[in-house]
Amino acid sequence: MQLHCLGTSGYHPNEQRHTTCYAVPAAGLVLDAGTGMFRLAPLLQTDRLDILLSHAHLDHVVGLTFLLSVLHQRPVETVRVWGQRSKLQAIREHLFHESLFPVQLDVEWIALEDRVPELLGNGRVRWFPLQHPGGSVGYRIDWPDHSLAYVSDTTGDPIADYVSVIRGVDLLLHECNFRDKQVAWAEKTGHSWTNRVASVAQVAAVGQLALVHLNPLETGEDPVGLDSARAVFPNTVVAADKLVLDF
Ligand SMILES: [Zn+2]
Ligand SMILES: [Zn+2]
């Protein structure tokens, strides 16, 4: 299977990166709906689209308003947006307030508390709470022959409960907004730092780690201090917009 990175930045876009959005086209799956959403249309190949939201911070949801354009370019029969009930309510009341965006989307909004998402290709979804201001959720998705986990946003911790849930996945996408020297900032803002994320991957014994939700102020070639991650978990890559990961 292939995962396309449509947006790999946290907070705001920069010249190289849009905000958080990932697609698994074969399963009609999108993880989070940041500004990278505008890139989705040419990748669509199914008649159903399932969008799993981690939380409602703007860098993860503003791209929902781009769906009009995406679905105009490539219509899809059914679009379902999944998230925690309180987050979906906030999005519908505020992001889709008529003063902010004048058109209602033709999508189904489904609370995770009401129903477990089932994905195309027999994808089984498990979601779990994450520590983050206002709360966030992560996802583990198992298809018969492939698995991935998406953990964003949170302060990564190898002894947190979620680590046992993501154990052994083929591909872990984990946020890494800060470098090791910025631990204080990471803890203050509810985000992760490089070395810690690598420890999570090591303890969870995942196949591959992709660092996502990168700091938009890091515009150089090495936005996280990758050596620090690889010293702990060698099979680590830094995600980039338009990167395609096989898993
Ligand atoms: Zn974020
Ligand atoms: Zn957030």
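Residues numbered from 1 in each chain as written. Chains lettered and ligands numbered in written order. Predicted model: local features only at pLDDT ≥ 70, side-chain atom pairs only at ≥ 80, totals over all residues. Heavy atoms only, no water.

Looking up the protein chain in an unreviewed UniProt entry gives the name Ribonuclease BN, with the organism given as Roseimaritima ulvae.

Asker: I keep staring at the overall build of the protein chain and nothing clicks. Help me out?
Answerer: Helix and strand counts for the protein chain come out as 7 helices and 14 strands. Dimensions along the principal axes, computed over C-alpha positions, put the protein chain at roughly 45 × 40 × 30 Å. The proportion of buried residues among the 247 residues of the protein chain is 57%. Here the protein chain has roughly 10600 Å² of accessible surface; of this, 51% comes from carbon and sulfur atoms. Computed over 19 positive and 28 negative side-chain charges, the separation of the two mean positions in the protein chain equals 2 Å. (Helix = DSSP H or I, 4+ residues; strand = E, 2+ residues; numbered from the N terminus. Buried < 20%, exposed > 50% of the residue type's maximum accessible area, 1.4 Å probe, protein only. Areas by Shrake-Rupley, 256 points an atom, 1.4 Å probe, with all protein chains shown as cover. Lys, Arg positive; Asp, Glu negative; His and termini not counted. Charge placed at Lys NZ, Arg CZ, Asp CG, Glu CD.)

Asker: What am I meant to see in the coordination of the zinc ion (ligand 2) here?
Answerer: Think of it this way: four donors in a tetrahedron around the metal ideally sit 109.5 degrees apart, and six in an octahedron ideally sit 90 or 180 degrees apart. The protein atoms that coordinate the zinc ion (ligand 2) are His55 (NE2), His57 (ND1), His132 (NE2) and Asp153 (OD), at distances of 2.2 to 2.4 Å. Relative to the metal, the 4 donor atoms surrounding the zinc ion (ligand 2) lie at angles of 89 to 168°, and the coordination shape comes out irregular. For the zinc ion (ligand 2), the donor residues sit on a single chain with the sequence spacing H-x1-H-x74-H-x20-D. In this structure, the zinc ion (ligand 2) lies 3.5 Å from the zinc ion (ligand 1), and both are coordinated by aspartate 153. Taken together, the positions of histidine 55 in the loop between strand E4 (48-52) and helix H1 (58-61) and histidine 132 in the loop between strand E8 (123-130) and strand E9 (136-142) put the pair 77 residues apart, joining distant regions of the chain. Judged by its relative accessible area of 1%, histidine 55 is buried. By relative accessible area, which is 10% here, histidine 132 ends up buried. (Donors = N, O, S within 2.8 Å, 3.2 Å for Na, K, Ca; no water. Tetrahedral: all angles 85-135°; square planar, octahedral: opposite > 155°, others 65-115°.)

Asker: What's the story with the packing of aromatic side chains in this structure? I'm lost.
Answerer: Each pair of aromatic rings is reported with the distance of its centres and the angle of its planes. As enumerated under the stated definition, the model contains 5 aromatic pairs in all. Here the aromatic rings of tyrosine 22 and tyrosine 150 are separated by 5.8 Å at their centres, their planes lie at 55°, and the arrangement is tilted. In this pair, tyrosine 22 is assigned in strand E2 (residues 21-24) and tyrosine 150 in strand E10 (residues 147-151), connecting sequence segments 128 residues apart. Each of the two residues, tyrosine 22 as well as tyrosine 150, counts as buried. An angle of 70° between the planes, with centres 5.8 Å apart, marks the rings of phenylalanine 96 and tryptophan 109 as edge-to-face. Here the residue phenylalanine 96 occupies a position in the loop between helix H3 (85-95) and strand E6 (108-111), and tryptophan 109 occupies one in strand E6, the gap between them amounting to 13 residues. Residue tryptophan 109 is classed as buried on the basis of its relative accessible area, which comes to 19%. The rings of Phe96, Phe101 and Trp109 are connected pair by pair, giving a single aromatic cluster. Against the face of tryptophan 185 rests lysine 188, its NZ or CZ located 5.3 Å from the ring centre. (Phe/Tyr/Trp six-rings, centres within 6.5 Å; stacked < 30°, edge-to-face > 60°. Lys NZ or Arg CZ within 6 Å of the ring centre and 35° of its normal.)

Asker: How do you make sense of the coordination of the zinc ion (ligand 1) when you look at a structure like this?
Answerer: In the first shell of the zinc ion (ligand 1), the protein supplies Asp59 (OD), His60 (NE2), Asp153 (OD) and His213 (NE2), at 2.1 to 2.2 Å from the metal. Note that the zinc ion (ligand 1) binds 4 donor atoms; their angles at the metal cover 90 to 167°, and the shape is irregular. Sequence positions of the donors to the zinc ion (ligand 1) reduce to the motif D-H-x92-D-x59-H.

Asker: Can you help me understand helix H6 (residues 194-204) in this one?
Answerer: For an α-helix, the turn length of 3.6 residues means that residues three or four places apart are oriented alike. Where H6 is concerned, the buried positions are Thr194, Val197, Ala198, Ser199, Val200, Ala201 and Ala204. Buried-residue contacts for H6 involve helix H4 (162-165), strand E11 (171-175), strand E12 (208-212) and helix H7 (226-232). Alanine 205, located one to two residues past H6, shows a positive phi value of around 50°. (Contact = heavy atoms within 4.5 Å.)

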